[in-house]
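Breakdown of the fold
Chain residues, written in single-letter form:
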Amino acid sequence: MPTETSKPAPLRVLYDGGCPLCRREIAHYQRLTPRRPIHWIDIDADREQPLPLGLTREHAMARFHVLDGEDIQTGAHAFLLLWSALPGWRHLGRLVRLLHLAGWLEQGYVWFARRRLRQRCREGACSVG
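Residues numbered from 1 in each chain as written. Predicted model: local features only at pLDDT ≥ 70, side-chain atom pairs only at ≥ 80, totals over all residues. Heavy atoms only, no water.

This next bit is on the side chain of arginine 116. For arginine 116, the location among the structural elements is in helix 5 (residues 102-122). Classification of arginine 116 by relative accessible area gives buried; the value is 11%. Those residues within four positions of arginine 116 in sequence are excluded, and the remaining contacts are Asp16, Cys19, Cys22, Met61 and Ala62. (Helix = DSSP H or I, 4+ residues; strand = E, 2+ residues; numbered from the N terminus. Buried < 20%, exposed > 50% of the residue type's maximum accessible area, 1.4 Å probe, protein only. Contact = heavy atoms within 4.5 Å.)

Set out below in structure tokens:
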């Protein structure tokens, strides 16, 4: 059981640093002072580096992932988890949950993710080696 003085484990955010839009968004988040530690993992930077929790590079490239200990969130739910740790953004996350908009957010994310992945695959980023 966590004590008052114990700090939560860092979130681990897996992102595609080879995607210009993704890189800009992550850079924005990195400039903020998070409410809990965050480890940023660029899955495009070192393709030989093993990914946490046995994730494959193909799976990680297909969707945005945020890991909270052994718990893996993807897509819109990953954004909501990340936003919960970021000043300002946590309010947006709370509003999305309160208004039950996560499903809509996920639909928008899936639309974007499919197009981003197709483009990145054309660039050769989908292959592991």
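Moving on from the coordinates now.
Relative to the helices and strands, arginine 57 resides in helix 2 (residues 57-62). Of the side chains with opposite charge, aspartate 46 comes closest to the buried, unpaired arginine 57, at an N-O distance of 6.4 Å. Within the structure, the side chain of arginine 57 is placed 2.6 Å from the backbone oxygen of glutamine 49, a separation counted as a polar contact. (Lys, Arg positive; Asp, Glu negative; His and termini not counted. Salt bridge = Lys/Arg side-chain N within 4 Å of Asp/Glu carboxyl O. Polar contact = N/O pair within 3.5 Å; in protein donor to acceptor, adjacent residues only side chain to side chain.)

The next point concerns the layout of surface pockets. Here the largest pocket defines a volume of roughly 330 Å³. Looking at the largest pocket, it is lined by 21 residues, and the ones nearest its centre are Glu25, Phe64, Phe79, Tyr109 and Phe112. Only strand 1 (11-15), helix 1 (20-30), helix 2, helix 3 (75-84) and helix 5 provide two or more residues apiece to the lining of the largest pocket. Split into classes, the residues belonging to the lining of the largest pocket amount to 16 nonpolar, one polar and four charged. (1 Å grid on protein atoms, 1.4 Å probe; cavity = no way out; pocket = protein on both sides within 12 Å on 5 of 7 lines; lining within 4 Å. Points joined across faces, edges and corners; volume = space filled by probe spheres on them. Nonpolar A, V, L, I, M, F, W, Y, C, P; charged D, E, K, R; others polar.)

Attention now goes to helix 1. Buried within helix 1 are the following residues: Cys22, Ile26 and Tyr29. For helix 1, the angular spread of the buried residues around the axis is 55°, confining them to a single face. (Arc of directions from axis to C-beta.)

One finds Val13, Tyr29, Ile38, Phe64, Val66 and Leu82 to be the most contacted residues of the largest nonpolar core, which totals 20 residues. Counting residues per element, the ones that place at least two in this core are strand 1, helix 1, helix 3 and helix 5. Ranked by residue count, the leading element in this core is helix 3, at six residues. Non-local contacts of tyrosine 29, meaning those with residues more than four positions away in its chain, are made with Trp40, Phe79, Leu82, Trp83, Leu86 and Trp89. By size, the runner-up hydrophobic cluster in this structure holds seven residues, among which are Leu14, Leu55, Ala60 and Met61. (Core = buried A, V, L, I, M, F, W, Y, C linked by side-chain atoms within 4.5 Å.)

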